[in-house]
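What follows is each chain in one-letter form.
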Amino acid sequence: MRVLYVYADTPVEWNCSEWRCAVPARAINRLPGHSAELLSLADFARDEPQARELCDAADVIVVQRTLVGPVLQAIERWKARGKTLIADFDDAYHLMPPTNPSFAFWREGRALRFDGGPAERIDPPPLQQFRAGLRLVHAATVPARLLAQDYSHLTSVHLVPNYLDLEKYLGVPRQAHEGIVIGWGGSLSHLRSFTESGVLLALKRVCRDRPQVRVVINGGDRRIFDELPLPRAQKELRPWVPYSRWPRQLAEYDIGLAPLFGAYDLRRSWIKPLEYMVMKIPWVATRAAPYEGLAPYGKLVENRPRDWEQALLQIIDDLPTQRAAAAGEPYRFALAQSVDRNADSILATYESIAQSARLAEPSLVLHP
């Protein structure tokens, strides 16, 4: 099978496209008899010669996220030429809270201008176009069960989890440091995960009672950093780093956090606990749908300050034992979630979608 991933991220925001496009593409290229290519969303929409060549060679075209404007026209064009079109997305745009920087685009239909001028209205609104795009493609793939349920009335939605590219993590040494580091890293879409989950008050109590503890926030979201009710000496804000450098940041964590809150967060993937496990880091997370089934490998808590506090203190006060445990079954579970072990499953999903497309639309196949 020849797969073309049409990625949406720009270089300065590269994250989701790594997980949903680049990681599976590399794994598919390591399989005999299969191949995968990457193409930017902008080039796909412009239909330039290189884009046409890549699309023409593909059996399946996976289009990430932004099913808006000329992207829809490109989907129609290649669908008419007999290609299998799959939409891939990993966000609940319909539930996005105002604290998310993308709220203006997805929920208010405003395109922010780079020159600082007034936002331009998008008509039809992006969310309306996105839903129309889901009706247009043959199927969609998402990394979260609830997200699949939300959109199953618009198209056939298949669960394709985020898998680990192990070579990025294995062999990264632990980073020496003073004290105990509780860490978290992420994009600018997690503010309510902290402010509404009860973890902030828990961190205040933990850092007060265990002065050797400090909290590190990776990703550059100053809003989360400013909300941490901690002395300056016990909290640190670090900027976003490229994906290739992220495992070295993780390697400094003694304990990983994964708080969630609200309907939007319930549609996230299992990335954070999975990364902690492959790095042999003990972790505490909200007991919620994205992490169902992970209770044997870490600590899942209700969103109450006392629950967070107790779980964190249990790890802090017995850290050597907790580290040894994290290097056992949790680590082995994470290894089983490598993209190379699951690439055949991803291709099987694509082949199932392609077969359904051939059965449903044989009369639409045109030859260029």
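Source: prediction; values computed, not measured.

Q: Lay out empty space enclosed by the protein with the relevant residues and their values.
A: Over the atoms a probe the size of a water molecule is rolled, and this reveals where empty space is left. Scanning all chains against the criterion turns up two cavities of 30 Å³ or more. Counted as a void, the largest cavity has a volume near 80 Å³. Along the wall of the largest cavity there are 13 residues; nearest its centre are W19, R20, P24, V160 and P161. Contributing elements (two or more residues each) for the lining of the largest cavity: α1 (16-29) and α17 (339-360). No other element matches α1, which puts four residues into the lining of the largest cavity. For the lining of the largest cavity, the residue count by class is nine nonpolar, two polar and two charged.

Q: Run through the pairing of strand β2 (residues 35-40), naming residues and quoting values.
A: Bridge analysis of strand β1 (residues 2-7) against β2 gives six bridges, and the strand direction is parallel. Among the inter-strand pairings, Y7 is bridged to a residue of β2, identified as S40. Running through α1, the crossover from β1 to the neighbouring parallel element β2 is right-handed.

Q: Please provide a residue-by-residue account of the sheet that holds strand β10 (residues 213-218), values included.
A: What the six strands build is an open sheet, ordered β11-β10-β9-β12-β13-β14; its pairing is parallel. Looking along the sheet, the strands with just one partner apiece sit at the ends: β11 (235-238) and β14 (299-301). Neighbouring strand axes in the sheet, compared pairwise and without regard to direction, differ in orientation by 20° on average. Alignment of strand β12 (residues 255-258) against strand β13 (residues 283-286), held across three bridges, turns out to be parallel. Bridging across to β13, L257 finds its partner in V284.

Q: So what about the side chain of N218? Which residues, and what values?
A: Its place among the elements puts N218 in strand β10. Given a relative accessible area of 3%, N218 falls into the buried group. Sequence-distant contacts of N218, defined by excluding residues within four places in its chain, comprise W184, G185, G186, R238, W246, Q249 and Y253.

Q: For the packing of helix α4 (residues 70-80) against helix α6 (residues 126-136), give the residues involved together with the corresponding values.
A: Contact geometry of α4 with α6 gives a least axis separation of 10 Å together with a crossing angle of 5°. Classified by the interaxial angle, the pair formed by α4 and α6 is roughly parallel. Note on element contacts: α6 touches α4 through Q129, G133 and L136, opposite L72, I75, E76 and K79. Of the residues belonging to the contact of α4 with α6, the class tally is three nonpolar, two polar and two charged.

Q: Help me get a handle on the packing of helix α9 (residues 199-209) against helix α14 (residues 305-316), residues and values and all.
A: Across the interface, α9 lies against α14 with an axial gap of 8 Å and an inter-helix angle of 40°. Relative to α14, α9 is oriented oblique. Crossing geometry of α9 relative to α14 is assigned as right-handed. Touching V199, L201, A202, L203, R205, V206 and D209 of α9 are P305, R306, W308, E309, L312, L313 and I316, all from α14.

Q: Which residues make up the sheet that holds strand β4 (residues 84-88), and what are the values?
A: Where strands meet in a sheet, backbone hydrogen bonds hold them as pairs that are either parallel or antiparallel. In space, the six strands of this open sheet follow the order β2-β1-β3-β4-β7-β8, with parallel pairing throughout. Strand pairing shows two members of the sheet lacking a second neighbour, β2 and β8 (157-159), which therefore form its edges. With direction set aside, neighbouring strand axes in the sheet form an average angle of 25°. As paired strands, strand β3 (residues 60-64) and β4 are joined by five bridges and run parallel to one another. Bridge assignment links Q64 to a residue of β4, and that residue is D88. This element, α1, spans β1, β2, β3, β4 and β7 (139-142) of the sheet and lies at about 160° to β1.

Conventions we followed
- Residues numbered from 1 in each chain as written.
- Predicted model: local features only at pLDDT ≥ 70, side-chain atom pairs only at ≥ 80, totals over all residues.
- Heavy atoms only, no water.
- 1 Å grid on protein atoms, 1.4 Å probe; cavity = no way out; pocket = protein on both sides within 12 Å on 5 of 7 lines; lining within 4 Å.
- Points joined across faces, edges and corners; volume = space filled by probe spheres on them.
- Helix = DSSP H or I, 4+ residues; strand = E, 2+ residues; numbered from the N terminus.
- Nonpolar A, V, L, I, M, F, W, Y, C, P; charged D, E, K, R; others polar.
- Pairing = 2+ DSSP bridges.
- Right-handed = clockwise from strand over helix to strand, strands pointing away.
- Axes fitted to C-alpha atoms, helices over the stretch in contact; angles between N-to-C directions.
- Buried < 20%, exposed > 50% of the residue type's maximum accessible area, 1.4 Å probe, protein only.
- Contact = heavy atoms within 4.5 Å.
- Parallel < 35°, antiparallel > 145°, perpendicular 65-115°, else oblique.
- Left-handed = near helix turned anticlockwise from the far one by under 90°.

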